Amino acid sequence: MATRVLLVEDEESLAVMLQYNLQAEGYEVEIAERGDDAELMIAENPPDIIILDWMLPGTSGIELCRRLRVAKSTRFIPVIMLTARGEEADKIRAFGTGADDYIVKPFSLPEFMARLKAVLRRTSPSLLQDVLKFEDLELDRATHIVRRGTREVRLGPTEYRLLEFLLEKPERVYSREQLLDNVWGRDAYIDERTVDVHIGRLRKALNRGREKELIRTVRGAGYALGGHR
Ligand code: CA
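Along each chain, residue indices are assigned from 1 in the same order as the chain's sequence is written. Side-chain atom pairs in this predicted model are given and counted only at pLDDT of 80 or more, local residue features only at pLDDT of at least 70, and totals for whole chains, interfaces and linings cover all residues. As a rule here, side-chain values cover all heavy atoms of the structure and leave hydrogens and water aside.

Caption draft 1: Structural view of the coordination of the calcium ion. For Na, K and Ca the donor cut-off is 3.2 Å, and for all other metals it is 2.8 Å, counting N, O and S atoms only; because water is absent from this set, sites may look incomplete. Distances from the calcium ion to its protein donors, namely Asp 10 (OD), Asp 53 (OD) and Met 55 (O), fall within the range 2.1 to 2.3 Å. Ordering the donors of the calcium ion by residue number gives the pattern D-x42-D-x1-M. Of this pair, Asp 10 sits in the loop between β1 (4–8) and α1 (12–24) while Met 55 sits in the loop between β3 (49–53) and α3 (61–70), placing them 45 residues apart in sequence. Relative accessibility under 20% of the residue-type maximum defines a buried residue, over 50% an exposed one, and the middle range a partly exposed one, all with a 1.4 Å probe and only protein chains included. Take Asp 10: its relative accessible area is 36%, and that puts it in the partly exposed class. Under the DSSP-based scheme used, a helix requires at least four consecutive residues in state H or I and a strand at least two consecutive residues in state E, with every element numbered from the N terminus.

Caption draft 2: Up close: unusual backbone geometry. Omega for the peptide link from Lys 105 to Pro 106 comes to -5°, which places this bond in the cis form. Residue placement: Pro 106 occurs in the loop between β5 (101–104) and α5 (109–123). The backbone of Glu 135 sits at a positive phi, close to 50°, despite the residue not being glycine. Checked against the element boundaries, Glu 135 lands in the loop between β6 (131–134) and β7 (137–140).

Caption draft 3: Here's a closer look at the environment of Ala 99. If you trace the backbone, Ala 99 turns up in the loop between α4 (88–97) and β5. Spatially, the C-alpha atom of Ala 99 lies 6.9 Å from that of Cys 65, the residues being 34 residues apart in sequence. In this structure Ala 99 touches Cys 65, Val 79, Met 81 and Ala 94, once residues within four positions along its chain are discounted. Contacts are assigned to residue pairs that have any heavy atoms within 4.5 Å of one another.

Caption draft 4: Geometry of the sheet that holds β5. At least two DSSP bridges between two strands are required for those strands to pair. An order of β2-β1-β3-β4-β5 is seen for the five strands of this open sheet, with the pairing classed as parallel. Each edge of the sheet is formed by a strand with only one pairing partner; in this case those strands are β2 (28–32) and β5. Across this sheet, the average inter-strand angle for adjacent strands is 20°, counted without regard to direction. Pairing between strand β4 (residues 79–83) and β5: four bridges, direction parallel. Directly across from Leu 82, in β5, lies its bridge partner Ile 103. For helices, the fitted axis covers only the stretch in contact; all axes are lines through C-alpha atoms, and the angles between them, taken along N-to-C directions, range from 0 to 180 degrees. Most of the contacts of α4 go to β5, to which it runs at about 150°, and overall it touches β4 and β5.

Caption draft 5: View of the domain arrangement of the protein. The split into domains, and so the bounds of each, comes from an automatic or database assignment of domains. The assigned domain composition of the protein is domain 1 (4–125) and domain 2 (129–225). When each unit is reduced to the centre of its C-alpha atoms, the spacing between domain 1 and domain 2 is 28 Å. Between domain 1 and domain 2, the residue contacts involve eight residues of the former and seven residues of the latter. Interface area lost by domain 1 to domain 2 is led by Glu 44, Asn 45 and Pro 125, which between them contribute 54%. Each reported salt bridge corresponds to a side-chain nitrogen of Lys or Arg within 4 Å of a carboxyl oxygen of Asp or Glu. There are one salt bridge connecting domain 1 and domain 2. In this structure, Lys 169 engages Asp 48 in a salt bridge whose closest nitrogen and oxygen atoms are separated by 3.2 Å. Polar contact is defined as a pair of N or O atoms within 3.5 Å, subject to the rule that within protein one atom must be able to donate a hydrogen and the other to accept it, and that residues adjacent in sequence are counted only when both atoms are side-chain atoms. The interface formed by domain 1 and domain 2 contains three residue pairs in polar contact (both at pLDDT 80 or more). When two parts are brought into contact, each loses some accessible area as probed by a 1.4 Å sphere; the total of that loss over both is the buried area.

Caption draft 6: Region of the structure containing the environment of Leu 163. Mapping Leu 163 onto the fold places it in helix α6 (residues 157–168). Judged by relative accessible area, Leu 163 falls into the buried class, the value being 0%. Considered as a pair, Leu 163 and Gly 185 are 22 residues apart in the sequence and their alpha carbons are 15 Å apart. Beyond its immediate chain neighbours, meaning those up to four positions away, Leu 163 contacts Leu 137, Leu 139, Val 146, Leu 155, Leu 202 and Leu 206.

Caption draft 7: How the structure looks around the side chain of Asp 101. Structurally, Asp 101 can be placed in strand β5. For Asp 101, the residues in contact, after removing those within four places along its chain, are Val 79, Ile 80, Met 81, Phe 95, Arg 115 and Val 119.

Caption draft 8: Just the pattern of salt bridges, in detail. Enumeration over the complete set of coordinates arrives at 26 salt bridges. For Arg 4, the salt bridge is made with Glu 30, and the minimal N-O distance between the two is 3.8 Å. With a gap of 26 residues between them, Arg 4 in strand β1 and Glu 30 in strand β2 connect regions that are remote in the sequence. Taking relative accessible area as the criterion, Arg 4 reaches 10% and is therefore assigned buried.

In structure tokens, the structure reads:
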């Protein structure tokens, strides 16, 4: 599953250049030109990482970063601040607000890419891993082989993508709409009940006999991998 980057930048030429280069490296990229627009997009479908310009129309980048760190659902999304403000006091303020890294404009593209990868490695290692694991479940992205214990689990393509997505952030609860957006794609014309059908198939494939149920239904919210109490 592609790593989803939200690029919040009002300088169009820079945003387009970064988007182009990120997409070339396999990232999925969305752009917001205003801080308040970005806040709505994040609430609707949280990205894996946010590249956040400091000076923005609407809500400023530093204020948006502060709000993201306060809210439970966005607290752990990595943020890289992008800014022309190279003063030490500004950097300290950015880190104090919860930014994971700080890149001063103008910067080189290779440096940007290297820092992005370093932040992802540190904050979300599962996004870059070939083998995802949770309890006795293992998914190998290179071979597409899924195992539960020693047993190989055979999955259809949709169930595979669904499981891969859930394995990237175990215990995180996703709404049906978020699963549709991330697994089927934003443009897919599919009913939310389709998600229930595929979750049902995935459960059936994962659970044999007395094996523990791994997918949790969260009433009124959606689904998560694990996190049973
Ligand atoms: Ca700006």
